[in-house]
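Below, each chain spelled out in residue letters.
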Amino acid sequence: MLKATLRSFLAHKGRLALSALAVVLSVAFVAGSLIFSDTVTRTFDRLFASTAADVTVQPRQDLRSARASGAVQTVPAALRDRVAGVDGVAAARALVSVQNVVVVDHRNRSVGPTTGAPTVAAAWYPTARSPVRLTSGHAPRGAGEALLDADTAGRRHVRIGDALTVQAQPGTFRVRVVGIATFTSTNPGAALLYLDPAVAGRELLGSSARATGIAVDAAPGVSDAELERRVGAAVGTGTYDVKTAGEQAKSAAAALGTFLDVVKYVMLGFAGVALLVGVFLIVNTFSMLIAQRTRELGLLRALGADRSQVRRSVLTEALLLGLVGSTFGLGAGIGLAYGLIRLMSAFGMNLRATAMVIGWGTPAAAYAVGLGVTFVAAYLPARRAAAVSPMAALAGDGVAEADGAGKPLRGRALAGAVVGAAGAAALAGCATATRTAQAASLLGVGVVLTLIATVVAGPLLVRPVIRVLGAAFPARFGPVGLMGRRNALRNPRRTGATAAALMVGLALVGGMSVASASMSASFDRQIDRTLGADFVVQNGNFMPFTRQIADRAAATPGVGLVVRQRITPIAVRLPDGRRVTTSAAGYGPRLDDVAHLTYARGGSAAALADRHLALDAGYAKDHGVRVGSVLPVEFPGGRRAELTVGALTDQEAADGFGNQGGLFLGLATLERYVPNGQDAALYVNAAPGTDPARLRPRLERALRSFPQVQVRDQADYKDLVHDQIAVLLYLVYALLGLAIVIAVLGVVNTLALSVVERTREIGLLRAIGLGRRQVRRMIRLESVMIAVFGAVLGLGLGLVWGVCMQRVLALRGLTALAIPWGTIVAVVIGSAVVGVVAALLPALRASRMNVLAAIAHE
């Protein structure tokens, strides 16, 4: 049996190669994601461990997103003297390091990274643990001198002697590059600017008496843990965060983990789609191969092989397929990880391909995935093969039974109806739910169940749907069109399984297209209703910017009003006992002149009054908040206040400005508790009698020295929102592309095996006058029918999902429903093209058959 199995496997290696490709793709994404994330994690673990001081004293970081406010939490620089006197401290130094700066070259271009990595300005303290070392020029001496890292200097063409302008929270100052520092380890993609320690505090923090932390070196024989205990006792752990080198490295790695998780989950999403679609391909391939080998299997049974041996033979072929696919997939995954590492280098994160980490878990996961998916996919065909009786197989009566074509679909109908009813009930519950969490959970359950129901009941829909879709074929293509349609109808199970591969990808695209179009329409409506300013000035990456920009905008001729916005993380204790961490916006006076807010209670004057705040009426109702309620609020840096609810908004969105609960307050109140912050946006109105179209170029000229900010009108603002939503949609389209690639392989495999199965039939058709061109057309029409059938099912299912997704979004205030009909029509047309492409090789092979040999084929 083993020899027969191996011989059979090698006899069909060409046909199995297409199925193996699906395994290769899925395993490649799994292995590549694990290798890449392990490599980045190991690299940065080494970086953080090698550069962290033995013990570090920092301000308490209760609210981790404090960077959004642009405010820098500090400690007294004099704390360094207290720490230096602790027993066991060999050395202590005050650190100055900030990320709220922008560095501009003499061409008025930002020298910072464009990938989201920070621009860090710090005091120059060279130690054995420094991530960089001075390689050119000299260290900065006094005000006006700076070092720049070599990667940034090379990327931005900055040389020693060049002048740079630094925009920091205290103000703008100019420096001359006097030296270049080269990274001694991995460059995480940041731009580093170093200043003389004597002036860094004053220039970057506004005072030499402030520091961002204290770095402590342990004396010989003193452990980090013991030193942490002693320093903590001296400075007070309730006032400051005191961490060992290991704890500091772990904290830094945790912040990096969010980025790694995004990359890993995106790649695992691709692997999941490849696995799901690949299952259909493998099931179809094995079903058809077994159906064509019924005589061979029947002969084995007649010679003494029992059912279990036949089943094991088929499963052994599947495991061989999985083994080959997993091996090539693991190799492709290593190549994919290498490509990602090179891509990260192009974006400034200089990972070393030679340091690639391939842990034991990666090949284990690769082979588990590859072998598992092929075993599961081949199990049903294997059972079906073992169930065929020897006499029926030898007589040729077991072909339909082995392929499942002759079995009734009653079982599928019942199972599909039960699962589909449960899925429909879940989606109906999602559409009527009043809480976001409940609606999202029901949506997830409904999506899974309706997908399963559609796959199970798909063969039942083949005949009615394809008869409608192919109704015009006989009139348009004559007998060839009729035969193409009948071939697609011949085996509903096979057609349904082949189309299911394409259906999965298109259902995902249909649902996400509706959701993204609805989000765009909702944001457009919200912007039209709430944004009353002529222009919005924002940073390109939404990070805060210096107060000087507001002053420059206000001084521009023709500007009548500038309303500043600041964002800060806060924690609010609600009357129902919940402590909610969210973000709050602070606005300057005359908010009503730049925003059209609808209030359920109160107004802007009460909302922006001293020690007051406003929040969304619906959110307030859910948590027992009323006008006049006093809410305990925590701000970054441990500052606490009790603020009175002055107004409740009634916006179309659950929050007017993108924060949970829609909390906002007066800028004066915010600046009292979060001083030295930076602005997130400016809302600018033209002065009476000034044409906004003429004001815009003046405003852009006035802000030219601040290249990080852009001036946007309403149309630009909408485009910005659309671009943000499009990022998600591009990911979905990439998933669709992967699904289409595997679906095409499935259609090619199905048609190729179908041509072999129908060799005698095609020979007879050729003998009675069917030309080669007509044979090719018949195969193409069958392929188009299968592809369009999958598209119709997928888009129909996706539209239902998309409408339900929109109902979930509506609970967050995004109430507009938009159906992207252009996208849907384009996808259907594209599916027909996919069908034509998939049929090229099988149709060519069918048309080149020798007529006499085909007629004699058994």
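Residues numbered from 1 in each chain as written. Predicted model: local features only at pLDDT ≥ 70, side-chain atom pairs only at ≥ 80, totals over all residues. Heavy atoms only, no water.

1. Structural notes on the overall build of the chain
So, point 1. Per the secondary structure count, the chain includes 28 helices and 24 strands.
So, point 2. Put simply, the chain has 858 residues, and 52% of those count as buried.
So, point 3. Summarising the internal contacts of the chain: among those between residues at least 6 apart in sequence, 82% fall at separations of at least 24.
So, point 4. Total accessible area computed for the chain in this model is approximately 36100 Å², and 59% of it derives from carbon and sulfur atoms. (Helix = DSSP H or I, 4+ residues; strand = E, 2+ residues; numbered from the N terminus. Buried < 20%, exposed > 50% of the residue type's maximum accessible area, 1.4 Å probe, protein only. Contact = heavy atoms within 4.5 Å. Areas by Shrake-Rupley, 256 points an atom, 1.4 Å probe, with all protein chains shown as cover.)

2. Notes on the nonpolar core
So, point 1. Residues Val277, Phe286, Leu443, Ile466, Ile742, Ile779 and Trp801 are the most contacted members of the largest nonpolar core, which totals 93 residues.
So, point 2. With 16 residues, the single largest contributor to this core is helix H25 (residues 772-810).
So, point 3. Dropping the residues within four chain positions of it, Ile779 is found in contact with Leu751, Val755, Arg758, Ala839, Pro842, Ala843 and Ala846. (Core = buried A, V, L, I, M, F, W, Y, C linked by side-chain atoms within 4.5 Å.)

3. Concerning the sheet that holds strand E13 (residues 213-218)
So, point 1. Taking strand neighbours across the sheet as the criterion, the four strands line up as E3-E13-E1-E14 in an open arrangement whose pairing is antiparallel. Bordering the open sheet on either side are strand E3 (89-95) and strand E14 (240-244), each of which pairs with just one other strand. Sheet twist, expressed as the mean angle between neighbouring strand axes with direction ignored, is 20°.
So, point 2. Relative to E13, strand E1 (residues 55-59) is paired through three bridges, and the arrangement is antiparallel. Looking across to E13, one finds that Thr56 is bridged to Ala215.
So, point 3. Seen against the sheet, helix H6 (residues 224-235) touches E1, E3, E13 and E14 and runs at an angle of roughly 165° to E14. (Pairing = 2+ DSSP bridges. Axes fitted to C-alpha atoms, helices over the stretch in contact; angles between N-to-C directions.)

4. Details of the packing of helix H14 (residues 436-469) against helix H16 (residues 479-490)
How two helices sit against one another is set out by the angle between their axes and by the gap between those axes.
So, point 1. Two elements in contact, H14 and H16, have axes whose closest approach is 9 Å; the angle formed by their N-to-C orientations is 165°. In terms of orientation, H14 and H16 fall into the roughly antiparallel class. Read as a crossing pair, H14 and H16 show a hand that is right-handed. On the side of H14, the interface is formed by Val462, Arg463, Ile466 and Arg467, while H16 contributes Arg485, Ala488, Leu489 and Arg490.
So, point 2. Partitioned by chemical class, the residues of the contact of H14 with H16 number four nonpolar, no polar and four charged. (Parallel < 35°, antiparallel > 145°, perpendicular 65-115°, else oblique. Left-handed = near helix turned anticlockwise from the far one by under 90°. Nonpolar A, V, L, I, M, F, W, Y, C, P; charged D, E, K, R; others polar.)

5. Considering unusual backbone geometry
So, point 1. A positive phi is found at Asn108, a non-glycine position, where the angle reads about 65°.
So, point 2. A residue is classified by how much of its surface remains accessible, and Asn108, at 26% relative accessible area, is partly exposed.
So, point 3. With a phi close to 60°, Asn676 is a non-glycine residue in the positive phi region.
So, point 4. Mapped onto the elements, Asn676 comes out in the loop between helix H21 (667-673) and strand E23 (681-686).

6. Examining the packing of helix H17 (residues 492-530) against H25
So, point 1. Relative orientation of the contacting elements H17 and H25 amounts to 35°, with a least axis distance of 6 Å. In this structure, H17 crosses over H25, and the sense of that crossing is right-handed.
So, point 2. Residue composition of the contact of H17 with H25, by class: 22 nonpolar, eleven polar and no charged.

7. Thoughts on helix H13 (residues 410-432)
So, point 1. Helix length check: H13 (23 residues) gives 33 Å between terminal C-alpha atoms against 33 Å at 1.5 Å per residue, within 8%.
So, point 2. Looking only at H13, the buried set comprises Gly416, Gly420, Gly423, Ala426, Leu427, Gly429 and Cys430. (Expected span 1.5 Å × (residues − 1).)

8. Notes on the pattern of salt bridges
So, point 1. If you walk through the whole model with that rule in mind, you get 23 salt bridges.
So, point 2. Connected via shared salt-bridge partners are Asp87, Glu226, Arg229 and Arg230. (Salt bridge = Lys/Arg side-chain N within 4 Å of Asp/Glu carboxyl O.)

9. Focus: the environment of Leu738
So, point 1. Locating Leu738 in the fold gives a position in helix H23 (residues 714-757).
So, point 2. In this structure, the C-alpha to C-alpha distance between Leu738 and Ala22, residues 716 residues apart in sequence, is 9.9 Å.
So, point 3. Sequence-distant contacts of Leu738, that is, excluding residues within four places in its chain, are made with Leu25, Phe29, Phe270 and Ala274.

10. Examining the confidence of the model for the chain
So, point 1. Taken as a whole, the chain shows an average pLDDT of 83; of its residues, 88% reach a score of 70 or greater.
So, point 2. Predicted confidence is poor over residues 398-402, with pLDDT under 50, and the contacts of this stretch with residues over four places away or in other chains come to 17 contacts.
So, point 3. In the predicted structure, residues 652-658 sits below a pLDDT of 50 and forms 24 contacts with residues beyond four places in sequence or in another chain. (pLDDT = per-residue confidence, 0-100.)

11. A look at the packing of aromatic side chains
So, point 1. Taken as a whole, this structure holds five aromatic pairs when the rule is applied.
So, point 2. Residues Trp124 and Tyr194 carry aromatic rings whose centres are separated by 5.0 Å and whose planes lie at 70° to one another, so their mutual orientation is edge-to-face. In this pair, Trp124 is assigned in the loop between strand E6 (119-123) and strand E7 (132-137) and Tyr194 in strand E11 (residues 191-195), connecting sequence segments 70 residues apart.
So, point 3. In textbook terms, an aromatic cluster arises when at least three aromatic residues are bridged by ring pairs, as seen for Tyr587, Phe664 and Tyr683.
So, point 4. The aromatic ring of Phe477 is capped on one face by Arg476, whose charged end is 5.0 Å from the ring centroid. (Phe/Tyr/Trp six-rings, centres within 6.5 Å; stacked < 30°, edge-to-face > 60°. Lys NZ or Arg CZ within 6 Å of the ring centre and 35° of its normal.)

12. Remarks on the pairing of E11
So, point 1. The buried count for E11 comes to five of five residues, which makes it a mostly enclosed element.
So, point 2. Burial along E11 is two-sided: Ala191, Leu193 and Leu195 and Leu192 and Tyr194, pointing in opposite directions, are all buried.
So, point 3. Pairing of E6 with E11 involves five bridges; the strand directions are parallel. Within the sheet, the bridge partner assigned to Ala121 lies in E11 and is Leu193.
So, point 4. The pairing of strand E8 (residues 145-149) with E11 spans three bridges and is classified as antiparallel. In the sheet register, Leu147 faces E11, and the bridge partner there is Tyr194.

13. Details of a nonpolar patch on the surface
So, point 1. On the surface, a cluster of nonpolar side chains totalling about 500 Å² of accessible area is made up of Val825, Ile829, Val833, Val836, Val837 and Leu840.
So, point 2. The dominant element in the nonpolar patch, judged by the number of residues it contributes, is helix H26 (residues 821-838), at five residues.
So, point 3. Tracing the chain through its elements places Val825 in helix H26.
So, point 4. Overall, Val825 belongs to the partly exposed group, its relative accessible area being 48%. (Patch = residues over 30% accessible without salt bridge, like charges linked within 9 Å, V, L, I, M, F, W, Y side chains within 5 Å.)

14. Some points on the side chain of Asp196
So, point 1. If you trace the backbone, Asp196 turns up in the loop between E11 and helix H5 (197-205).
So, point 2. Those residues in contact with Asp196 that lie beyond four places of it in its chain are Pro140, Arg141 and Gly142.

15. Quick look at helix H22 (residues 692-702)
Every α-helix winds through 3.6 residues per turn, so residues three or four apart in the chain are directed the same way.
So, point 1. Within H22 the residues assigned to the buried category are Leu695, Leu699 and Ala702. Down the axis of H22, the buried side of the element spans an arc of 55°, and every buried residue falls inside it. Turned more than 90 degrees away from the buried face of H22 sit Ala693 and Arg694, all of them exposed.
So, point 2. For H22, the secondary structure elements touched by its buried residues are strand E15 (535-539), helix H18 (547-554), strand E16 (559-573), E23 and strand E24 (709-712).
So, point 3. Structurally, the start of H22 carries an N-cap: the backbone nitrogen of Ala693 is 3.1 Å from a side-chain oxygen of Asp691. (Arc of directions from axis to C-beta. Polar contact = N/O pair within 3.5 Å; in protein donor to acceptor, adjacent residues only side chain to side chain.)

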